[in-house]
Each structure stands twice: as structure tokens, then as C-alpha cells.
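Breakdown of the fold
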Amino acid sequence: MSTTMTSPPRRASGGAVTFAGVLRSEWIKFRSLLSTRLLLIFTFVAVVGVAAMAAWIQALSLEGIMQNGMGMGMPGEPVEPMTLEQAQQVMGFSIYAIPNAGLQIGVLILGALSVLLISSEFGTGMIRSTMTAVPKRLPAFFAKALVLVVVSYILTLVAAVVSTLVAMPIFSAYGVELNFGTEGVLYSILMGGLYVAGVALMGLSLGALVRSSAGGIIVLVALMFLLEIGTSLLGLAPGEFWKYVGQYVPSVSGGRMLEITDKEAFITPLSGGLIFLGWIALITVPAVISLKTRDI
């Protein structure tokens, strides 16, 4: 009579899922798509190109006002030379904003890309594979967010530096000095990246909430562009309250964060940054809760 020996079941091979592993996986998915790489290159070129065009227009206008005053050298107009500061005040333009002159292009493209990064997985059903590999779900979302934030920040930062380098000789040709030592330039470069990174995080969160590429992009465009137009129209309504409500939309508060000077009857740059951060939290927190609790 023989005895059959049964060995105990072995534990499945492979270690536990770590955030570093999930992050590496999301980075591979992000950079492996040729369309994503081409889109990032196009965004960089577009941001720098718009900044160069803005630099040429602004430098030309500043030179004209500095030399001839508001008449801009037109026949019959009085010649009243102005300083650079006076010319900027007349134009309502700050020279340190040149590095971020093409920022809205980056906001639009990178924001849309952020929505697609997760909404496309819901559309194709790939999200089930992602969440099966990462059962806790949230590490996958945070890994996507970290990849997007870092890429958006670095891309915007490099584009702003190149934009400044391109703008320097343009301004110099018209007798206006611009360099990295100009007041507010370095601050503008550093904060511009944070602004775009924040919009990218909002786009990713909207993609997780809406779970539709078209719907998420529409909501993002409405928040970052159309809401500002709508609230500016509210300023025509009677009452003091409606005159100031437009300052609290994400595009205006985020843009105010990039400035260095206080304005009368306007939120401060610090307040603008805090309000923009509040908008990010307002969209990201529900997205995290939705991703954790809703069926995939």
C-alpha cells in the first residue's frame, strides 16, 4: 500500500505591487506612444513661436511709445517720449510676462492630453487591466498624475527659458533690455510651469470623473476659457459683487499667480495662487473618490 504525498500550495511568484513599479509602468505607457511625443514637440514649438511673435509685437509697440508717446509717430500727433515703465503702464503690459506669452497654447494642448490619458482607457476598457494590476486603484491615478505634472512642468519651464532667449535679441533690436536678471522674469518662468502642471492635474481629474474624452475636454475648455468670458459679462450687471466675481475663476486666479505686482481692487498674486489651488482640489478630490468607489 503506497502513500501519496501532497505538497502544500506554493505562493504565487512575484512581489507586491509598489508605487515605484506603478509609476514606472505609467511612464512607459506615456512615452511609448509616438503621438504623445509628437504632441509634446508640437506644444513646445507652438509655445516658443507664440512667445517670439508676442515679443516682436510688444517690443515694436514699446519702442514706438517710448520714442513718440501715445501718438506712435503718426503725422500730426505730438511727440512725447516716455520711459520704459511709462510705456508699459500705457500698454498694460509687463515685460517679465514674455516667457509665458504662449502659455495658453500649452494649457489647451497639455490639458486635453491629460484628459485623454485616462478617459481613453475608460473608452477602450483598458482601465480594467490597469485596475486589475493595481487593485487599490489610487496608486495608478497618482502615478499618472505625477508623470503628467512633472512632464508638464519641465516642458513649460524649458519652453519659457527658450522663449526668453529668443525674445532677448528681439527686444534688444528695439532698444528694450530683457534678460534673466530683469525683475520678475525668473519668477514668471518658474510659476508658469506650476500653472500648466495644475491645469494638467485638473484635466486628468476631469477625465476620471467624466470618463469621456470629448466630455472631459469640453468641461476643461469651459473652465479655463469660457468661464472667464461669462464672468466678465456678469460685470455688467448692477451691484459691486458682480464686478469682482471674475477674479476667482481658475484662468484669472492662475494668471494672477504669475504676476509680481499688486493691482488696485484686484486679488494679490498669493491669493490668486491659493484660489487656483482650491480649484485643483475641488476637481481632484471628487475624482479620487469616484475612482475609488465607482465601478470600472
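Keep in mind that what you see is a predicted model, and the values were worked out from it rather than measured.

What to know about the pattern of salt bridges
Using the criterion set out here, one finds 6 salt bridges in the structure. A salt bridge links Lys29 to Glu26, with the nearest nitrogen and oxygen atoms 3.1 Å apart. Of the two residues, Lys29 and Glu26 are both situated in helix α1 (residues 19-32); the distance of 3 residues between them amounts to about one turn of the helix. Residue Arg256 pairs with Glu259 through a salt bridge whose shortest N-O separation is 2.8 Å. Using a relative accessible area of 1% as the deciding quantity, one classes Arg256 as buried. Overlapping salt bridges bring together Glu26, Lys29, Glu121 and Lys144 as one network.

A word on the environment of Ser25
Mapping Ser25 onto the fold places it in helix α1. A relative accessible area of 37% places Ser25 in the partly exposed class. Through-space distance from the C-alpha of Ser25 to that of Thr130 is 9.8 Å; in sequence the pair is 105 residues apart.

Some remarks on the packing of helix α6 (residues 138-173) against helix α7 (residues 185-210)
Between α6 and α7, the shortest axis-to-axis distance is 8 Å and the interhelical angle comes to 150 degrees. Crossing of α6 over α7 shows right-handed handedness. Residues that form the contact of α6 with α7 fall into these classes: 18 nonpolar, 6 polar and 1 charged.

Brief notes about α7
Between its first and last C-alpha, α7 extends 37 Å over 26 residues, near the 38 Å set by a 1.5 Å rise per residue. Counting buried residues along α7, 20 of its 26 residues qualify, which places the element largely inside the surrounding structure. Among the residues trailing α7, Arg211 stands out with phi positive, at a value near 60 degrees.

Structural notes on unusual backbone geometry
Not every positive phi belongs to a glycine, and Arg137 is a case in point at roughly 70 degrees. Looking at the secondary structure, you find Arg137 in the loop between α5 (126-133) and α6. Note on Arg137: relative accessible area 18%, which makes it buried. Of note, the phi angle at Arg211 is positive, near 60 degrees, even though the residue is not glycine. A relative accessible area of 17% places Arg211 in the buried class.

Regarding the packing of aromatic side chains
Under the criterion given, the structure shown has 3 aromatic pairs. Ring centres of Phe141 and Phe142 lie 5.9 Å apart, and the angle between their planes is 70 degrees; on these two criteria the pair is classed as edge-to-face. Above the ring of Phe266, the side-chain terminus of Lys263 is found at 5.7 Å from the ring centroid.

Thoughts on the nonpolar core
Phe30 and Tyr195 are the most contacted members of the largest nonpolar core, which has 43 residues in total. Secondary structure elements with two or more residues in this core: α1, α4 (103-124), α5, α6, α7, α8 (213-234) and α11 (269-293). What Tyr195 contacts, discounting residues up to four positions off in sequence, is Leu103, Gln104, Val107, Met224, Pro250, Ser251, Gly254, Gly255, Met257, Leu258 and Phe276. Grouped together as the second largest cluster of nonpolar side chains are 17 residues, Ala55, Leu62, Ile95 and Ala160 included.

Section: α11
Helix length check: α11 (25 residues) gives 37 Å between terminal C-alpha atoms against 36 Å at 1.5 Å per residue, within 8%. Buried within α11 are the following residues: Pro269, Gly272, Gly273, Ile275, Phe276, Ile280, Ile283, Thr284, Ala287, Val288, Ser290 and Leu291. Considering only its buried residues, α11 is in contact with α4, α5, α6, α7, α8 and α10 (250-257).

Focus: the side chain of Ser163
Take Ser163: it is sitting in helix α6. Leave out the neighbours within four places in its chain, and Ser163 touches Val47, Val48, Ala51 and Pro99.

Procedures and definitions
Residues numbered from 1 in each chain as written. Predicted model: local features only at pLDDT ≥ 70, side-chain atom pairs only at ≥ 80, totals over all residues. Heavy atoms only, no water. Salt bridge = Lys/Arg side-chain N within 4 Å of Asp/Glu carboxyl O. Helix = DSSP H or I, 4+ residues; strand = E, 2+ residues; numbered from the N terminus. Buried < 20%, exposed > 50% of the residue type's maximum accessible area, 1.4 Å probe, protein only. Axes fitted to C-alpha atoms, helices over the stretch in contact; angles between N-to-C directions. Left-handed = near helix turned anticlockwise from the far one by under 90°. Nonpolar A, V, L, I, M, F, W, Y, C, P; charged D, E, K, R; others polar. Expected span 1.5 Å × (residues − 1). Phe/Tyr/Trp six-rings, centres within 6.5 Å; stacked < 30°, edge-to-face > 60°. Lys NZ or Arg CZ within 6 Å of the ring centre and 35° of its normal. Core = buried A, V, L, I, M, F, W, Y, C linked by side-chain atoms within 4.5 Å. Contact = heavy atoms within 4.5 Å.

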